[in-house]
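# Geometric and topological summary
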Amino acid sequence: ECRIHLEALSMQLQATWEWFCRSAVVHPDMLTYLASQSHSIRLQILRKTFICPCNKLILQPVDYGNLQWVENIALGAKKLLNIPPPMYGLENLENSSNSCVILVDPCPWETRHQIALSPESIETFQSKLTPYLLSSFPSVRRPRRSGSTHLIVCVHGLQGNQFDLRLYRSFLELALPYQRLEFLMAQSNQSDTFVDFNIMTDRLEEEIQEKIRVMSTLPTRVSFLAHSLGSILVRSLVTRPSMANLIPKFHLLLSICGPHLGTQHQTGVVSAGMWFVRKWYHSQSLLQLSLKDSPTPRDCFLYHLSEAQTLDCFKHVVLLTSLQDRYVPHQSARLCPGGEDTSQMGKVIEEMASNILNSMEQSGTNLVRVIVHHSLPTSTDSVIGRAAHVAMLDNELFVEKFILCHLVQYFINT
């Protein structure tokens with residue numbers, strides 16, 4: 001009897017959906033209205049846990065480096081959430097296993113590249129985004145993309161592949177239907193990420209040059225989305241002479257858990273695991289990240305890279321980090337050494353951070369630090385910090401929230 005009722009209900013739903021599709025084709029305005037309403041409400045729900053320092057939830061003192069402080073802010077934000085109206089079919093975003101709270105720390109210095117974008121203009125633009133429901137109706141004509149070409153290079157991390165940043169590509173394409181975006185999902189290093197950084201940089205350089213050669217129009221802007229080890233590859237790439245003609249076009253670098261100051265402050269379990277992997281695979285890249293590729297720390301690859309002008313070539317640099325990620329030390333990913341380590345190596349790391357930050361401040365680069373707190377189930381991966389490191393790529397709700405509520409503004413602003 002239950003099976004019969006379910007079959008009848010399924011037929012009714014199918015008939016209702018077919019009627020809706022036919023009505024939408026005949027009356028596209030109705031579809032656009034319903035879709036935009038659903039999309040607008042979803043954006044409102046997403047914004048409820050997107051927190052800036054000016055938010056009333058954040059009281060002094062601000063302590064982004066304290067995991068307990070961040071967790072308290074996350075709990076306070078979730079209490080303000082309302083369950084979405086069931087008529088729109090939206091999930092309860094913050095009660096799901098994929099929930100997250102995002103905190104934004106704006107640029108620490110005055111910059112000539114500030115984003116002159118008011119909340120009203122962001123709201124107006126987001127209301128014009130192509131709603132997700134439109135993808136179900138091929139007969140609905142989408143707006144034609146025109147204008148300049150923006151090349152976005154996605155670079156994976158250690159033992160990654162070209163599909164690691166697929167969600168970022170998908171949501172950027174959904175969020176920017178009126179822009180001509182050209183993506184390069186880098187794959188030249190996916191077969192071996194344990195070799196020397198210089199070798200991997202050569203591969204990535206050749207891949208980008210080949211991509212530009214086959215493009216119908218030359219890009220007017222170039223941006224990079226890089227995860228973990230890929231952030232160091234992008235910085236190394238900037239130092240290459242062949243990139244000189246592209247540097248004036250560099251727009252945005254999104255560094256997702258990038259070990260810019262090395263991996264010296266990893267926890268005991270992770271440090272031991274990385275040591276074993278480095279020995280097993282004879283990894284030169286992990287040796288360079290640990291600042292042990294030279295007897296003198298100031299002769300290491302990362303130290304020389306900090307002295308080169310790399311991040312200051314970009315108009316915007318967004319550092320995406322999580323205190324729950326123990327694969328990459330939080331201080332290294334945020335470029336905030338903290339000054340607690342008074343050893344010789346600690347002084348070297350302080351110098352590296354100063355080299356990078358001073359050059360960015362002098363050039364007027366807009367540096368934004370973003371902290372993410374994920375709601376992760378207790379598991380071995382979450383204990384050793386791998387779950388948060390991977391959630392930056394695989395948590396679909398987080399990527400949607402981050403791109404639509406924050407990252408999109410760097411693309412719609414000149």
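Described in the following lines is the structure provided in the data block. Note that the structure is a prediction, hence the values are computed from the model and not measured.

Another point: the overall build of the protein chain. The helix and strand tally for the protein chain stands at 16 helices and eight strands. Counting across all 414 residues of the protein chain, residues that qualify as buried make up 51%. Residue pairs at least 24 apart in sequence account for 82% of intrachain contacts in the protein chain once pairs closer than 6 positions are excluded. Of the roughly 19900 Å² of accessible surface on the protein chain, a fraction of 54% belongs to carbon and sulfur atoms.

In this section: the pairing of strand β6 (residues 250-256). With seven of its seven residues buried, β6 lies for the most part within the structure. Two strands pair when backbone bridges link them, and strand β5 (residues 221-227) and β6 are joined in this way by five bridges, in the parallel orientation. Considered in β6, the bridge of His227 is made with Ile256. In this fold, the crossover linking β5 to β6 by way of helix α7 (residues 229-238) has right-handed handedness. One ladder, built from five bridges, connects β6 with strand β7 (residues 316-321); its direction is parallel. Directly across from Leu252, in β7, lies its bridge partner His316.

Moving on to unusual backbone geometry. At Gln159, a position not held by glycine, the phi torsion is positive, near 55°. Mapped onto the elements, Gln159 comes out in the loop between β3 (149-155) and α5 (166-175). Phi at Leu291 is positive, roughly 60°, even though this residue is not glycine. Its location among the elements puts Leu291 in the loop between α9 (284-289) and α10 (301-307).

Between helix α14 (residues 386-394) and helix α15 (residues 396-407), whose axes approach to 6 Å, the crossing angle comes to 60°. The interaxial crossing formed by α14 with α15 has right-handed handedness. Taken together, the residues of α15 that come into contact with α14 (itself represented by Ala391, Met392, Leu393 and Asp394) are Glu396, Phe398 and Val399. Residue composition of the contact of α14 with α15, by class: five nonpolar, no polar and two charged.

Our focus in this paragraph is the environment of Asp105. Within the secondary structure, Asp105 is located in strand β2 (residues 100-105). The buried category is assigned to Asp105, whose relative accessible area is 17%. Taking the C-alpha atoms as reference, Asp105 lies 5.0 Å from Arg369; in sequence the two are 264 residues apart.

A word on the pattern of salt bridges. By the definition in use, this model includes seven salt bridges. With its nearest N and O atoms 2.2 Å apart, the salt bridge here joins Arg240 to Asp202. In this pair, Arg240 is assigned in the loop between α7 and β6 and Asp202 in helix α6 (residues 197-214), connecting sequence segments 38 residues apart. Classification of Asp202 as partly exposed rests on a relative accessible area of 38%. Note that Arg213 is salt-bridged to Glu210, the shortest N-O span being 2.7 Å. With Arg213 and Glu210 both in helix α6, this residue pair falls three residues apart, about one helical turn. Each member of the salt-bridge network shares a partner with another, and the members are Asp202, Glu205 and Arg240.

In this model, the largest pocket occupies a volume close to 830 Å³. For the largest pocket, the lining is made up of 36 residues, of which Leu158, Met274, Leu286, Tyr327 and His389 are closest to its centre. Of all the elements in the fold, those that place two or more residues in the lining of the largest pocket are α8 (268-281), α9 and α14. Per element, the largest residue contribution to the lining of the largest pocket is nine residues, and it comes from α8. A breakdown of the residues in the lining of the largest pocket according to their chemical character gives 17 nonpolar, 13 polar and six charged.

Moving on: the nonpolar core. Judged by nonpolar contacts, the single largest core of 54 residues is most densely connected at Phe197, Ile208, Phe224, Phe250, Leu302, Phe314 and Leu367. Tallying contributions element by element places helix α12 (residues 344-363) first for this core, with eight residues. What Phe314 contacts, discounting residues up to four positions off in sequence, is Phe224, Val234, Val238, Phe250, His251, Leu252, Leu253 and Thr365.

Let us look at α15. Here α15 lies mainly inside the structure; 11 of its 12 residues are buried. Residues of α15 that are buried: Leu397, Phe398, Val399, Glu400, Lys401, Phe402, Ile403, Leu404, Cys405, His406 and Leu407.

Attention shifts here to the packing of α5 against α14. At a minimum axis distance of 7 Å, the contact between α5 and α14 shows a crossing angle of 35°. Seen from α5, the contacting residues are Arg166, Leu167 and Tyr168; seen from α14, they are Met392, Leu393 and Asp394. When its residues are assigned to classes, the contact of α5 with α14 shows four nonpolar, no polar and two charged.

Cut-off values and rules
- Residues numbered from 1 in each chain as written.
- Predicted model: local features only at pLDDT ≥ 70, side-chain atom pairs only at ≥ 80, totals over all residues.
- Heavy atoms only, no water.
- Helix = DSSP H or I, 4+ residues; strand = E, 2+ residues; numbered from the N terminus.
- Buried < 20%, exposed > 50% of the residue type's maximum accessible area, 1.4 Å probe, protein only.
- Contact = heavy atoms within 4.5 Å.
- Areas by Shrake-Rupley, 256 points an atom, 1.4 Å probe, with all protein chains shown as cover.
- Pairing = 2+ DSSP bridges.
- Right-handed = clockwise from strand over helix to strand, strands pointing away.
- Axes fitted to C-alpha atoms, helices over the stretch in contact; angles between N-to-C directions.
- Left-handed = near helix turned anticlockwise from the far one by under 90°.
- Nonpolar A, V, L, I, M, F, W, Y, C, P; charged D, E, K, R; others polar.
- Salt bridge = Lys/Arg side-chain N within 4 Å of Asp/Glu carboxyl O.
- 1 Å grid on protein atoms, 1.4 Å probe; cavity = no way out; pocket = protein on both sides within 12 Å on 5 of 7 lines; lining within 4 Å.
- Points joined across faces, edges and corners; volume = space filled by probe spheres on them.
- Core = buried A, V, L, I, M, F, W, Y, C linked by side-chain atoms within 4.5 Å.

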